[in-house]
Amino acid sequence: MAEERGANQECGENQREELWRDHVRPAQQGDRAARSRLYAVFAKTVHAIVLAHVGYDQAEDVTQDVFCDVFASIDRLRDPQAFAGFLCTAARNAARDHLRRRKRQPAVLTSADLVSGDLVCGEPSPAARTVERETTDRVFQSLAALPEAYRETLLMRLVSGMSGAEIAERTGMTHGSVRVNLTRGMALLRERLGPCLAEGGA
Amino acid sequence: MKPAADRRESEYLHDPRASVDPEIAALEQALAPLRLAERPLGEAALSVVGVRRRVPRGWLVASGLAAALAAAAILMVMLGPAEALRPGSPVRSFVAAATSVEITLGDLASIELQPDSELEFVHWRDGGRGDGSGSDGSGSDGSGQALFRLKRGSISVKVAPPPRVAPGFFVIETPHATVVDQGCRYDLVVDAEGWARVFVHEGAVTFGGPGTFGGAGTFGGAGREVFVPAGARALVTADGIGTPTFLEASREVKQLVAQFDALTRSNEDLDRVSDRQRLLGLARKLAFSCREPRDSLPLYHLLLVASPSVQKVANGALLDLVGPPDDGARRSYQPEQWLAWLRVSAWQVGG
């Protein structure tokens, strides 16, 4: 587990590319370590895609479901290099299936969802926490209103902390497309958030 | 917000290593609560296999037999005989590189050390009631203790159930917790930082401090111990031991359990009234979310929290979910009474 957690921090970009492709074939054969390594590399990418569709309260569990579904069908993948795209498509399908099953609109994050000790929260005072939760709500709702491509890419950058190059490598998009999605998405987000963006932590 | 005329595309938007753009950094901070929590890939995804195509039955039988024979031949060549331990065997380390290693303790227990794993055998002290007739330890009565340390990697363990092997005979230490067998079959994985997770296939284990690093592995004081029955799993990190849940528990239950554990880890003493109130609130939410009898597993562990209010919530929820132990009256019961009842009712396989 620590190997997987440390993989992204320790490997350079080229090494990272080698890392995940080398583990697809073993993962197809049921190699648990290979599957764990693929999860370590792609978990944040999948989480951002799922977050873009189903909201915070279910995103983590749906993320785990995505990997379960993918590894159940990974023997269908003929080219390891296509794994990234295969995974991202599976994430979107899983998110949409989840919404269909729940038969309602994407969950919008509410302040109550953030009452958790394992979230990265701010100051200890209740008043400060309330402000932070409202800010998170506002930003997330603004993101939720963006077109899907911009929304997913921005979540990968702003929540998962991925660089444009990492987003391209992990999703199969071109660098140019990622750049456009981030730039245009950010412009639309600015319009929606307006002056709020500059007020003490968005 | 920057005026349109002054707005330049910030490189920080495309590369977090570039000079920080305060506007984008503010968005990152606002969205920080949504980040994916550090957690390992679930057991279901690690072990799932795809659906096989149907083949004619005759071919299936023939090909299956041929494959089994071939695999057995290959295994015999590659692995050789299992490593056999006996009472009094000296300390030794087992390292599995590319292939797994099987370690046997007579007919009492077997360990399969998975590839890329390291296990240290510490001792096997016989209880002394066996006749010791078996040179491989099979005459041992399983009443002493066999102690191992899993330094890294994963193992699958099978231990003969009582009365063949006494509960507590088989003990595995990991850096942050110790697994004590209660007569079962389980998988245990330890990573390079000492985080461990256990999944029990049959029987049960207790999973508790202090571990080989000597840490408490606890919350609420030293020595937290959790009970992990068959079909359930638990995770331990340097911060403490998580409350176990059954694999099929709902997402809501698992999430609330994680929140409860995080709150108790972050504040072991619960000195502040606000923290105690939050804890009680979480306990109530968890109790409300528990709708299946097997959700009683995390509820049982709430009985062990050092808070009478939380214990009361847990006791009430257990009464509603599984009924009073031994069909007794609706009242408060001790944790050990609940444990004995739940082990033979809701936590039974198929219960």
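Placed above this text is the structure.
Note that the coordinates shown come from a computational prediction; the quantities given were computed from them, not determined experimentally.

**What to know about the side chain of Thr63(A)**
Residue and element names in this part refer to chain A.
- Turning to its location among the elements, Thr-63 is positioned in helix α5 (residues 56–73).
- According to the relative accessible area criterion, Thr-63 is buried, its value standing at 1%.
- At 2.7 Å, the side chain of Thr-63 and the backbone oxygen of Ala-59 are in polar contact.
- Dropping the residues within four chain positions of it, Thr-63 is found in contact with Ala-43, Val-46, His-47 and Val-50.

**Quick word on the pattern of salt bridges**
Residue and element names in this part refer to chain A.
- Within this structure, the stated rule accounts for 20 salt bridges over all chains.
- Among the ionic pairs, Glu-148 bridges to Arg-96, the shortest N-O distance being 3.0 Å. Separated by 52 residues along the polypeptide, Glu-148 in helix α8 (residues 148–158) and Arg-96 in helix α6 (residues 83–102) bring together distant segments of the chain.
- Accessibility expressed as a relative area gives 32% for Arg-96, which makes it partly exposed.
- One connected set of salt bridges, linked through shared partners, spans Arg-92, Arg-96, Glu-148 and Glu-152.

**Some remarks on the packing of aromatic side chains**
- The full count for this structure, using the stated rule, is nine aromatic pairs over all chains.
- Between the aromatic rings of Tyr39(A) and Phe67(A), the centroid separation amounts to 4.9 Å while the plane-to-plane angle is 75°, which identifies the pairing as edge-to-face. Pair noted here: Tyr39(A) is in helix α4 (residues 32–54) and Phe67(A) is in helix α5, with a separation of 28 residues, a long-range link.
- Pairing Phe121(B) with Phe148(B) gives two aromatic rings, centres 5.3 Å apart and planes at 55°, and the pair type is tilted. On the criterion of sequence distance, the pair formed by Phe121(B) in strand β5 (residues 117–125) and Phe148(B) in strand β6 (residues 145–159) is long-range, its members being 27 residues apart.

Procedures and definitions
Residues numbered from 1 in each chain as written. Chains lettered and ligands numbered in written order. Predicted model: local features only at pLDDT ≥ 70, side-chain atom pairs only at ≥ 80, totals over all residues. Heavy atoms only, no water. Helix = DSSP H or I, 4+ residues; strand = E, 2+ residues; numbered from the N terminus. Buried < 20%, exposed > 50% of the residue type's maximum accessible area, 1.4 Å probe, protein only. Polar contact = N/O pair within 3.5 Å; in protein donor to acceptor, adjacent residues only side chain to side chain. Contact = heavy atoms within 4.5 Å. Salt bridge = Lys/Arg side-chain N within 4 Å of Asp/Glu carboxyl O. Phe/Tyr/Trp six-rings, centres within 6.5 Å; stacked < 30°, edge-to-face > 60°.

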